[in-house]
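Commentary on secondary and tertiary structure
Residue-level listing of the chains:
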2 protein chains.
Amino acid sequence: MHALLVIAHGSRRAASNEEVIELAQRLAVQVEGKYQHVAAGFLEMAEPDIATTMQTCIDAGATRIDVLPYFLSAGRHVVTDVPEDVHKVTEANPQLVVNILPYVGSVPSMLDLMAGICLQA
Amino acid sequence: MHALLVIAHGSRRAASNEEVIELAQRLAVQVEGKYQHVAAGFLEMAEPDIATTMQTCIDAGATRIDVLPYFLSAGRHVVTDVPEDVHKVTEANPQLVVNILPYVGSVPSMLDLMAGICLQA
């Protein structure tokens, strides 16, 4: 079973974390042909954390997990922290295939999205 | 003169901040019909900060500034910190027209962008 895990930074503001969870739920509908399980997790400041969310995917039967970093630039979190947390889980589950996808700020369509906001204002 | 200011969080990792500055430069090309000046600034951990970047826009002749929060969810930074820093500058420059645009994570096309990353993987 192929799972998708959206990882966000996490906020002290509960509404911000709920926004990410709702986004993952809406994303699940768009990618349901590929992923049978879609979850959201947080690097820090919010629950569930990365390890817990990955374990939930494994418990649901995931043999492959794609991790989508919901981050805008390649700061320490994208370069070091998220991969480290993911790596701990893969070390403990050597049969699991895990692929960290490009972070959302890295794709060319981000520029179009930003231009769209500016030109519609 | 109408200026656009992209505000990102800021990172201890210089390459991450340069990524934002380059993104703003590429965005400038896409929106040049509307904005005669496009700059990037940072909430914290990096320079220039919001006040400095807004002053640079004013010095360049800006009478209107649109602020694009380069943030993914409505955490404390989007709800409180960025507006507060912007407000201090508008208080000191009452002739300036400032409009805070929707943050990048808030627009419907974000879901398409995320689905695109997942389905291309």
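All residue numbers refer to positions counted from 1 along the written sequence of the respective chain. Just so you know, chain letters begin at A and ligand numbers begin at 1, following the order they were written in. Per-residue local features of the predicted model are confined to residues with pLDDT of at least 70, and side-chain atom pairs are confined, for both listing and counting, to 80 or more; whole-chain, interface and lining totals are unaffected and use all residues. Only hydrogens and water are removed before side-chain values are computed, so all heavy atoms of the structure are retained for them.

**Section: the relation of the copies chain A and chain B**
- Taken as rigid bodies, chain A and chain B are interconverted by a rotation of 180° and an axial shift of 0.0 Å, the fit giving an RMSD of 0.0 Å. In symmetry terms, the pair is related by a two-fold rotation axis. The C-alpha atom lying nearest the rotation axis in chain A is that of L72 of chain A; the distance is 3.7 Å.
- The contact criterion used throughout is that any non-hydrogen atoms of two residues lie within 4.5 Å. The residues that chain A uses at the interface reappear at the interface of chain B in 100% of cases, marking a shared surface. Only residues with pLDDT of at least 70 in both copies contribute their C-alpha atoms to the least-squares superposition of the copies.

**A look at helix α1 (residues 14–30) of chain A**
- Labels follow the DSSP assignment, with helices taken as runs of H or I lasting at least four residues and strands as runs of E lasting at least two, numbered in each case from the N terminus. In this analysis, the expected span of each helix is defined as 1.5 Å times one less than the number of residues it contains. Taking 1.5 Å as the rise per residue, α1 of chain A with 17 residues should run 24 Å; its terminal C-alpha atoms sit 25 Å apart, in good agreement.
- For every residue, the accessible area (1.4 Å probe, protein chains only) is compared with the maximum for its type, and the residue is labelled buried under 20%, exposed over 50%, or partly exposed between those bounds. For α1 of chain A, every residue scored as buried is listed here: S16, N17, V20, L23, A24 and L27 of chain A. Within α1 of chain A, the buried residues cover an arc of 115° as seen down the axis, which keeps them to one side. Pointing more than 90 degrees away from the buried face of α1 of chain A are the exposed residues Q25 and V29 of chain A.
- Looking at the packing, one finds that the buried side of α1 of chain A touches β1 (2–8), β2 (37–42) and β3 (64–69) of chain A together with α4 (109–120) of chain B. The directions considered for the arc run from the helix axis to the C-beta atoms.

**Structural notes on the sheet that holds strand β1 (residues 2–8) of chain B**
Residue and element names in this part refer to chain B.
- On the basis of which strands lie adjacent, the open sheet formed by four strands has the order β2-β1-β3-β4 and parallel pairing. Strands at the two margins of the open sheet, each flanked by one partner only, are β2 (37–42) and β4 (97–100). When strand polarity is set aside, the average angle formed by the axes of neighbouring strands in this sheet is 20°.
- Two strands qualify as a pair provided that DSSP identifies no fewer than 2 bridges between them. In this sheet, β4 lies alongside strand β3 (residues 64–69) in parallel orientation, the contact comprising four bridges. Between N-to-C directions, angles cover 0 to 180 degrees, with each direction set by a line fitted to C-alpha atoms, over the stretch in contact for helices.

Purely geometric numbers; function is a separate question.
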